[in-house]
Amino acid sequence: MTELQDPIGVAVAHNNEYVALHGTRELPTAPAQHLAIVTCMDSRLDLFGALGLDLGEAHIIRNAGGIATDDVVRSLVLSQRKLGTERIMLIHHTRCGLEGLDEEELRQSIASETNAATTMAFGAFSDPSENVVTTAKRLASEPALRHIEVRGFVFDVDTGALDEVDLSGI
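Quick notes on the rules
- Residues numbered from 1 in each chain as written.
- Predicted model: local features only at pLDDT ≥ 70, side-chain atom pairs only at ≥ 80, totals over all residues.
- Heavy atoms only, no water.
- Helix = DSSP H or I, 4+ residues; strand = E, 2+ residues; numbered from the N terminus.
- Contact = heavy atoms within 4.5 Å.
- Polar contact = N/O pair within 3.5 Å; in protein donor to acceptor, adjacent residues only side chain to side chain.
- Pairing = 2+ DSSP bridges.
- Axes fitted to C-alpha atoms, helices over the stretch in contact; angles between N-to-C directions.

Another point: the environment of Arg-62. With respect to the helices, strands and loops of the structure, Arg-62 is situated in strand S2 (residues 58-63). C-alpha separation for the pair Arg-62 and Ala-13, spaced 49 residues apart in sequence, amounts to 25 Å. In this view, Arg-62 contacts Thr-39, Cys-40, Met-41, Asp-42, Leu-45 and Leu-47; residues no more than four positions away in its chain are not counted. Of note is the side chain of Arg-62, whose polar atom sits 3.2 Å from the backbone oxygen of Cys-40. At 3.3 Å, the side chain of Arg-62 and the backbone oxygen of Asp-42 are in polar contact.

Our focus in this paragraph is the sheet that holds strand S3 (residues 87-93). Read across the sheet, five strands follow the order S2-S1-S3-S4-S5 without closing on themselves; strand pairing throughout is mixed. Lying at the two open borders of the sheet, with one neighbouring strand each, are S2 and strand S5 (162-165). The average undirected angle you get between the axes of adjacent strands in this sheet is 25°. Bridging between strand S1 (residues 35-40) and S2 involves six bridges; their strand directions are parallel. Within the sheet, the bridge partner assigned to Cys-40 lies in S2 and is Asn-63. Packed on one face of the sheet, helix H3 (residues 70-83) meets S1, S2 and S3 and runs near 170° to S2. Across the sheet, helix H5 (residues 128-140) touches S3, strand S4 (149-155) and S5, and the angle it forms with S3 is around 150°.

Function-wise, these values are silent; they only describe arrangement.
Have a look at this one:
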């Protein structure tokens, strides 16, 4: 695909082909593996391929950095309490756009461009493994979440390998 093509139009055209090959699959709403994955929105993460997942097997909750925002926690509470997930997998990754981000510089850039100040927290961090621990601690402190198995990993975007992060002290 060249940059001159309309990426949304290409996606819609691909969907038409997908529908023709997909057929009807009535999958249950609850994920078959009882697994919820919290990860980054980064387009280099093919978790279905990397983890051998198929449609209907896991909830995949994505945001910038894979951090435990209030919305991620809300999604996990619903995933657990209404759809039966029993395990959480945290997957952060190498070369993330938030790694080393200067949040104040970004805020100033936004204010300069829009003439509107923001106090938004973007979730910058310096080490992906430490950020997995921070995310796990946030989840462990949430009373609405069932305290079930939580494991954390750093995904290498260059090799596809997962490196487990020790969460035993949480």
